[in-house]
Amino acid sequence: MVKNIGVPNLISHFHHRCCLIFKLLSFIADNHNTLTVASLWAPVVAIYLLDIHVFYTIISAVWGFLLGARDRLGEIRSLEALHTLFEQFPGAFVDTLHVPLPNRTRRSSYSQDVEKNKVDAARFAPFWNEIIKNLREEDYITNLEMELLLMPKYFGNLPLVQWPLFLLASKIFLAKDIAVESTQSRDSHDELWERISRDDYMKYAVQECYHVIKLILIKILDDEGRMWVERIYEDINVSIERKSIHVDFDLSKLPLVISRVTALMGLLKEVETPEYENGAVKAVQDLYDVVRHDVLSTNMRDSYETWNALSKARIEGRLFAKLKWPKDAELKAQVKRLFSLLTIKDSASNVPRNLEAQRRLEFFTNSLFMEMPVAKPVREMLSFSVFTPYYSETVLYSKAELQEKNEDGISLLFYLQKIYPDEWKNFLARIGRDENTPDSELLRNLNDTLELRFWVSYRGQTLARTVRGMMYYRKALMLQTYLERITSEDLEAAVSSNDATDTRGFELSPEARAQADLKFTYVVTCQIYGKQKEEQKPEAADIALLMQRNEALRVAFIDEVENLKDGISHKEFYSKLVKADINGKDKEIYSIKLPGNPKLGEGIPENQNHAIIFTRGNAVQTIDMNQDNYFEEALKMRNLLEEFHRHHGIRFPTILGVREHVFTGSVSSLASFMSNQESSFVTLGQRVLANPLKVRMHYGHPDVFDRVFHITRGGISKASRVINISEDIYSGFNSTLRQGNITHHEYIQVGKGRDVGLNQIALFEGKVAGGNGEQVLSRDVYRLGQLLDFFRMMSFYFTTVGFYFCTMLTVLTVYIFLYGKAYLALSGVGEVIQVQAQIMKNTALSAALNTQFLFQIGIFTAVPMVLGFILEQGFFRAIVSFVTMQFQLCTVFFTFSLGTRTHYFGRTILHGGARYQATGRGFVVRHIKFSENYRIYSRSHFVKGFEVVLLLIVYLAYGYNEGGALSYLLLTISSWFMALSWLFAPYLFNPSGFEWQKVVEDFKDWTNWLLYRGGIGVKGAESWEAWWDEELAHIRTLGGRIAETILSLRFFIFQYGIVYKLHVQGENTSLTVYGLSWMVLAVLIILFKVFTFSQKMSVNFQLLLRFIQGLSFLVALAGLVIAVVLTNLSLPDVFACILAFVPTGWGILSIAAAWKPYVKKLGLWKSIRSLGRLYDAGMGMLIFIPVAFVSWFPFVSTFQTRLMFNQAFSRGLEISLILAGNNPNS
């Protein structure tokens, strides 16, 4: 029975399903609606393709997070952790960065452990102190902070390690209070010591004071005085053994003892004079009296004779009558340290205060616990070169550049003083000036001016900063060589003396200098240095100054020499290497004649190729001219070079990837966005590329190359023009294709500058995206695709060209989605399908109709940045950082960047011709004019933004949404956000972008630019016509013209769909309606031509022209009125016509521009150009009006300044504007 019921039901259900499928197929077939299916499902397919990229992003982020956690990254991420773990640093340092020492692990007893700790600390202290001194020289810390951070190098016979004062500050005062409280609460000896020992550094401070006071008193007192000190300490030791310290001594009087010792140390640390000596004698006597009469509670009968003799000497005035004033440097250091220990009441838990100093110390100390190869002695390590290409960027800021003010009255010096107020005060203290010293006074003194120029240059992206950073390698090698001169067998004896750890004069040691020069050389390849010298450019003088200040610096350049041969002048080219001689002049080391002009391809790779022969050693580190280095990181270089001898997979490495820190993040909110984006890639991203994917390439300039491997296999740079615009990554391609192995190491970091203004960032991202487009067309990528296995090939794709393809696909998906919605809306099919989906309860179809994806993609692609923050900053700080970025509108910036990358990548794929963009690398404190922003972003963002807005309006006007306005908003909000970001981000992130006076000036400048006709030699920055010609220059090939034409056909869809929606045509669906719409458009174009007729041609018949223009206007107006009265044409229809004709006109314009040479032959180019000017004027006004409206409200400008810059500069800028008063430019 069950069987008989079940089978008919199953057949009935199957029949019902087949009918539904048949109805849907017949619906498509009958209506020829293949486009409907495409409109529905194309966005879904595109999103599936994008999902692969999103899955890779999430999985790689999680894997990178786990790898970083395994490598112990981010374990020390706060000053609290730095303080807590400091006592482990010496041992970790000796284990990792020091040459291996014998017998370090064989100790067992407590005394042997203490000696081991002393040995480790003695080895660690000189390096730590040099790091701290360098931080002071760089003005990151104050003199007081330096004193607190320095660590004694020599501990003498003290049975303990003396830790830096910043760990022990205020601990004695806390211990004293605990001791006094314990007396009142009658705590036992063990309870008192347990309370003190809860804080390790308080315990160390108490122990150090106890031992150092005895050491100093023994050194300065005579025989009877020493007898007293030994007696007291013997009694204390006995009490400690009996655990009766609180019984034998009155600890409530401890503050009196401390005050007397403090007074004594305060005198002893000064230069000896009779007055100070008398005062010191009195202070010791007071100390004796306090101890003898107030503190001692012990029974004196056990040592009656000693105390009796001391009392007699005190009464007779012999006791302490003569002191031996501390003259030994080490003893004086101990006196000064003890005085500080007893007088610093404030906690030093926030030392150092400077965030950059904190970050550097935290990273360095964290790296001590990371796995790295064992360091070899300097004489056995691999030798290496550092290599920096330079063209004509800033070497050193000049005096004039420091004082030059922008239109707001803001100078570069003022800007930096506000951005780095603490470093400015430290600089003034370093050069011996008061912190209120005016700038004018500094600039009158030659030495101070030079120091000031360097101070400013060290905070920018200058060659001077890079040279200083790279020369730390030499300084580190000299220090390591100097301290390794003591053999390991003599170590025990050496530590007890001061020789092993004395670093005074290490930079003057001939042995250390010679060894460092054998292992390290630095070549800066200044391609046009010879030409700059001839023309007496300031850059040449600054490069010469750098050579004089850094004796190991070498400069390579191309020298052009003109010779006469047979009466004919011809040029010879030489590749030269020079250094500074003892007189400061250039001394030629090598001169190599070249077969011809070497500058055939791209600039940077050609610059590197001509000078690579001047490098030497086993390795070469490529460094860009906007990078930095740190002394503490330079200490790890010999460990890094040992990676070449370690297996990473089946082969030895050929390129060692190095972590970067982007140092420009604090300049502005845009700079911080760029910094965070870069940091995420150069740390977490590259970590995964190297392991496990094995597809890391060479992405920039801190990597270390196996020099012999690469010089014998084509060098480190490919220089073919255009195709090798992103020259760095081709080194990675070349290395991988030749069976090299590229690794990534994060225990060492190098500083890196990034662009800080929106225009700089856009130019940089445009260059990189264009370079990636060229890579798609290169044979290297083709060969890698052929030779890599499937998994490496997919990994390679999604991390190089695939990343940019998916970025482009994200934007294309928006287009596919919106054009699909527009088609469904204009054809009326959308409503039918929506109703059918509801009737059939087809959830898949409903989902396809309501596809939204931008938010999901945005959220998921932010995962790597968030996980990177969590790993290196901690969860709470990561969330705060991420939320702060959202308030600073980082989403707008990243959405805008999406458009930049898409435009330049797509354009390069279609037309080729990517080119190098010089971004400037300076500080962006000036207001960017409206016209400049329009020129840069018009085609890449504004046109596309308006197109998206147009599509959204069409969908709003003609689409069907069951849920009404809310449903429409939810479905399109991400597209609206993208469009508005593309249209207004350049003005939102423009300094003083909403200041009314500047907006007015911008409008005048923009109209002048738009209307200026230009001519021969006029640049695009001066004339709209010249700019328009430049914008069309990339369309050069027949294929490119055809591609542009096909893409431009999409603009005709609007007119075709909208004209059938007009009330005037009723239910008529014939082609006649469409033809009539073209006739109307033709009339509009004729009217436009009449009103824009050339004034030059109409000089002789001005009156006739004006009559015709007036008559045309009246006829057009009359025709419109008649159409409204006699037909069903309504006011909404007029607006709909505008909606239809505007994109059609742009389509005609785009096609004409693509076929420019042929349009010129037809004599139509001037008309097309006039139409182009009209469109640009219209688009500009649509953007300008909202900007101008918002500028009416003064608070908007203040809010924007706070949004863009850090608080210090914002406040300084406002104060400066107030003080400027009646400055006409302010």
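About the criteria used
Residues numbered from 1 in each chain as written. Predicted model: local features only at pLDDT ≥ 70, side-chain atom pairs only at ≥ 80, totals over all residues. Heavy atoms only, no water. Helix = DSSP H or I, 4+ residues; strand = E, 2+ residues; numbered from the N terminus. Buried < 20%, exposed > 50% of the residue type's maximum accessible area, 1.4 Å probe, protein only. Contact = heavy atoms within 4.5 Å. Areas by Shrake-Rupley, 256 points an atom, 1.4 Å probe, with all protein chains shown as cover. Patch = residues over 30% accessible without salt bridge, like charges linked within 9 Å, V, L, I, M, F, W, Y side chains within 5 Å. Salt bridge = Lys/Arg side-chain N within 4 Å of Asp/Glu carboxyl O. Lys, Arg positive; Asp, Glu negative; His and termini not counted. Charge placed at Lys NZ, Arg CZ, Asp CG, Glu CD. Pairing = 2+ DSSP bridges. Phe/Tyr/Trp six-rings, centres within 6.5 Å; stacked < 30°, edge-to-face > 60°. Lys NZ or Arg CZ within 6 Å of the ring centre and 35° of its normal. Expected span 1.5 Å × (residues − 1). pLDDT = per-residue confidence, 0-100. Core = buried A, V, L, I, M, F, W, Y, C linked by side-chain atoms within 4.5 Å. Axes fitted to C-alpha atoms, helices over the stretch in contact; angles between N-to-C directions. Parallel < 35°, antiparallel > 145°, perpendicular 65-115°, else oblique. Left-handed = near helix turned anticlockwise from the far one by under 90°. Nonpolar A, V, L, I, M, F, W, Y, C, P; charged D, E, K, R; others polar. Bend = angle between axes of the 7 residues up to and from the residue. Polar contact = N/O pair within 3.5 Å; in protein donor to acceptor, adjacent residues only side chain to side chain.

Colleague: Help me understand the overall build of the chain, please; the structure alone is not making it clear to me.
Modeller: Along the backbone of the chain there are 57 helices and 10 strands. The buried share among the 1226 residues of the chain stands at 53%. Across the chain, contacts joining residues at least 24 apart in sequence account for 79% of those joining residues at least 6 apart. On the chain, roughly 56500 Å² of surface is accessible, and the fraction owed to carbon and sulfur atoms is 60%.

Colleague: Hey, could you run me through a positive patch on the surface in this one?
Modeller: Together, R713, R738, R779 and R783 make up a region of like positive charge exposed at the surface. Within the secondary structure, R779 sits in helix α36 (residues 779-787). Residue class for R779 comes out exposed when judged on its relative accessible area of 58%.

Colleague: Whenever I open this one, the pairing of strand β4 (residues 568-580) confuses me. Can you help?
Modeller: On any regular strand, side chains alternate: one points to one face of the sheet, the next to the other face. The pairing of strand β3 (residues 553-565) with β4 spans 11 bridges and is classified as antiparallel. Opposite E562, over in β4, you have K571 as the bridge partner. Pairing between β4 and strand β5 (residues 586-594): eight bridges, direction antiparallel. Looking across to β5, one finds that A580 is bridged to D586. Turn length for the β4-β5 hairpin, with the two strands adjacent in sequence and antiparallel, is five residues, and the turn residue G584 shows positive phi of about 85°.

Colleague: I'm lost on the packing of aromatic side chains in this one. Help?
Modeller: The way to describe two aromatic rings as a pair is by their centre distance and the angle between their planes. Taken as a whole, this structure holds 59 aromatic pairs when the rule is applied. Here Y201 and Y204 contribute two aromatic rings whose centre-to-centre distance is 5.8 Å and whose plane-to-plane angle is 75°, an arrangement assigned as edge-to-face. A residue pair is termed a helical-turn pair when its members lie 3 or 4 positions apart in one helix, as Y201 and Y204 do in helix α10 (residues 200-220) at three residues. Residue Y201 is classed as buried on the basis of its relative accessible area, which comes to 8%. Taking relative accessible area as the criterion, Y204 reaches 17% and is therefore assigned buried. Here F930 and Y987 contribute two aromatic rings whose centre-to-centre distance is 4.9 Å and whose plane-to-plane angle is 20°, an arrangement assigned as stacked. With F930 in helix α45 (residues 930-958) and Y987 in helix α46 (residues 964-988), this pair connects stretches of sequence that are 57 residues apart. Of the two residues, F930 and Y987, neither departs from the other in class, the shared state being buried. Linked through ring pairs, F86, F89, F93, F124, F127, W128, W163, F166, Y201, Y204 and F369 together constitute an aromatic cluster. For the cation-ring pair, R459 lies above Y140, with the distance from its terminal atom to the ring centre recorded as 5.9 Å. Lying across the ring of F663, R465 places its NZ or CZ 3.6 Å from the centre.

Colleague: Is there a simple way to explain helix α28 (residues 538-549) in this structure?
Modeller: The periodicity of an α-helix, 3.6 residues per turn, causes residues three or four places apart in sequence to face the same way. Compared with an ideal rise of 1.5 Å per residue, which puts 12 residues at 16 Å, α28 spans 17 Å between its outermost C-alpha atoms and is within 8% of the ideal. Of the positions making up α28, those classed as buried are A540, D542, I543, A544, L545, L546 and M547.

Colleague: Could you clarify how one ought to interpret the pattern of salt bridges in this entry?
Modeller: For side chains bearing opposite charge, pairing can occur when the charged atoms are close. For the structure on display, the rule yields 56 salt bridges. Between E356 and R359 there is a salt bridge whose closest N-O contact spans 2.8 Å. You can see E356 and its partner R359 sitting in helix α17 (residues 355-367), three residues apart, about one turn around the helix. Overall, the relative accessible area of 16% leaves E356 in the buried class. Residues R939 and D1176 are paired through a salt bridge, measuring 3.1 Å at the closest nitrogen-oxygen approach. One end of the pair, R939, is in helix α45; the other, D1176, is in helix α55 (residues 1165-1191), with 237 residues separating them in the sequence. Per residue, the accessibility class of R939 equals that of D1176, and both read buried. Here the salt bridges do not stand alone but share partners, grouping R136, D139, R430 and E451 into one network.

Colleague: What should I look at first to understand the confidence of the model for the chain in this one?
Modeller: Should the pLDDT be low somewhere, the predicted coordinates at that spot are not to be read in detail. With 85% of its residues at a pLDDT of 70 or more, the chain has an overall mean of 83. Taken as a whole, residues 27-32 scores under 50 in pLDDT and shows five contacts with residues more than four places along the chain or in a different chain. Here residues 487-497 is modelled with pLDDT under 50, and outside its nearest four sequence neighbours on either side it reaches 15 contacts, counting other chains as well.

Colleague: I keep staring at the nonpolar core and nothing clicks. Help me out?
Modeller: The tendency in soluble globular proteins is for nonpolar side chains to be buried as a group. Within the largest apolar cluster, 156 residues are counted, with the highest numbers of intra-cluster contacts made by F86, W228, F384 and Y529. With 10 residues, the top contributor of residues to this core is α10. For F86, the residues in contact, after removing those within four places along its chain, are F124, W128, M151, W163, P164, F166, L167 and Y201. In terms of nonpolar packing, the next biggest core, distinct from the first, is built from 107 residues, I410, L826, V892 and L1139 among them.

Colleague: What is the right way to read the packing of helix α32 (residues 669-693) against helix α35 (residues 758-776) from this model?
Modeller: A pair of packed helices is captured by two measures, namely the crossing angle of their axes and the spacing between those axes. At their nearest, the axes of α32 and α35 sit 10 Å apart, and the two run at 30° to each other. Comparing the axis directions of α32 and α35 gives the class roughly parallel. Crossing handedness for the pair α32 and α35: left-handed. Note on element contacts: α35 touches α32 through L758, I761, F764 and E765, opposite L670, M674 and Q677. Here the residues of the contact of α32 with α35 are counted per class, giving five nonpolar, one polar and one charged.

Colleague: Explanation requested: the sheet that holds β5 in the structure shown.
Modeller: Pairing between the strands of a sheet comes from backbone hydrogen bonds, and it takes one of two forms, parallel or antiparallel. Taking strand neighbours across the sheet as the criterion, the 10 strands line up as β5-β4-β3-β2-β1-β6-β9-β8-β10-β7 in an open arrangement whose pairing is mixed. Only two strands of the sheet have a single partner each, and these edge strands are β5 and β7 (627-628). Packed onto the sheet, helix α29 (residues 603-611) meets β1 (384-390), β2 (520-526), β3, β4 and β6 (619-622) and runs at close to 140° relative to β1.

Colleague: Would you mind showing me how to read helix α2 (residues 34-70) here?
Modeller: Counted at 1.5 Å a residue, the expected span for α2 with its 37 residues is 54 Å, and the 54 Å between its end C-alpha atoms agrees. Remark: the principal bend of α2, roughly 35°, maps to W41, with a proline, P43, within the next four residues. Of the residues one or two after α2, R72 is the one with positive phi, at around 70°.

Colleague: For this particular structure, what's the right way to read the packing of α45 against α55?
Modeller: In contact at an axis separation of 11 Å, α45 and α55 are set at 95° when each is read in the N-to-C sense. Here α45 lies roughly perpendicular to α55, going by the angle between them. Between α45 and α55, the contacting residues are F930, Y934, S938, R939, F942, V943 and F946 on the first element and D1176, M1179, G1180, L1182, I1183 and F1184 on the second. Here the contact of α45 with α55 is composed, by residue class, of nine nonpolar, two polar and two charged.

Colleague: Looking at this structure, how should I read unusual backbone geometry?
Modeller: Residues other than glycine predominantly adopt negative phi, and peptide bonds predominantly adopt the trans conformation. In this structure, the amide linkage connecting V351 to the following residue, P352, adopts the cis form with an omega of -5°. Mapping P352 onto the fold places it in the loop between α16 (329-343) and α17. Of the consecutive residues N691 and P692, the connecting peptide bond is found in the cis state with omega at 15°. As for its position among the elements, P692 is in helix α32.

Colleague: Looking at this structure, how should I read the environment of K1019?
Modeller: Among the secondary structure elements, K1019 is positioned in the loop between α47 (996-1011) and α48 (1024-1031). A sequence separation of 11 residues divides K1019 from E1030, and the C-alpha atoms of the two residues are 8.9 Å apart. In this structure K1019 touches A1026 and E1030, once residues within four positions along its chain are discounted.

Colleague: What am I meant to see in a nonpolar patch on the surface here?
Modeller: Where nonpolar side chains cluster on the molecular surface, the patch consists of W996, F1189, W1192, F1193 and F1195 and spans about 590 Å² of accessible area. With respect to the helices, strands and loops of the structure, W1192 is situated in the loop between α55 and α56 (1194-1204). Since its relative accessible area comes to 55%, W1192 is described here as exposed.

Colleague: Would you mind showing me how to read the environment of H98 here?
Modeller: The residue H98 is located in the loop between α4 (89-96) and α5 (110-137) in this model. For the pair H98 and R123, spaced 25 residues apart in the sequence, the C-alpha separation amounts to 8.2 Å. Beyond its immediate stretch of four places on either side in the chain, H98 contacts F93, R123, F127, A375 and R638.

Colleague: Hey, could you run me through the side chain of S795 in this one?
Modeller: Tracing the sequence through the fold places S795 in helix α37 (residues 790-799). On the basis of relative accessible area, S795 is assigned to the buried category, the value being 12%. Those residues within four positions of S795 in sequence are excluded, and the remaining contacts are L693 and V695.

Colleague: Any chance you could explain the side chain of K519 here in plain terms?
Modeller: Following the sequence through the fold, K519 ends up in helix α26 (residues 510-519). Of the side chains with opposite charge, E380 comes closest to the buried, unpaired K519, at an N-O distance of 8.9 Å. A polar contact of 2.9 Å, which involves the side chain of K519, links it to the backbone oxygen of M381. Discounting chain neighbours no more than four positions away, the residues touching K519 are V378, R379, E380, M381, S383, F384 and L477.

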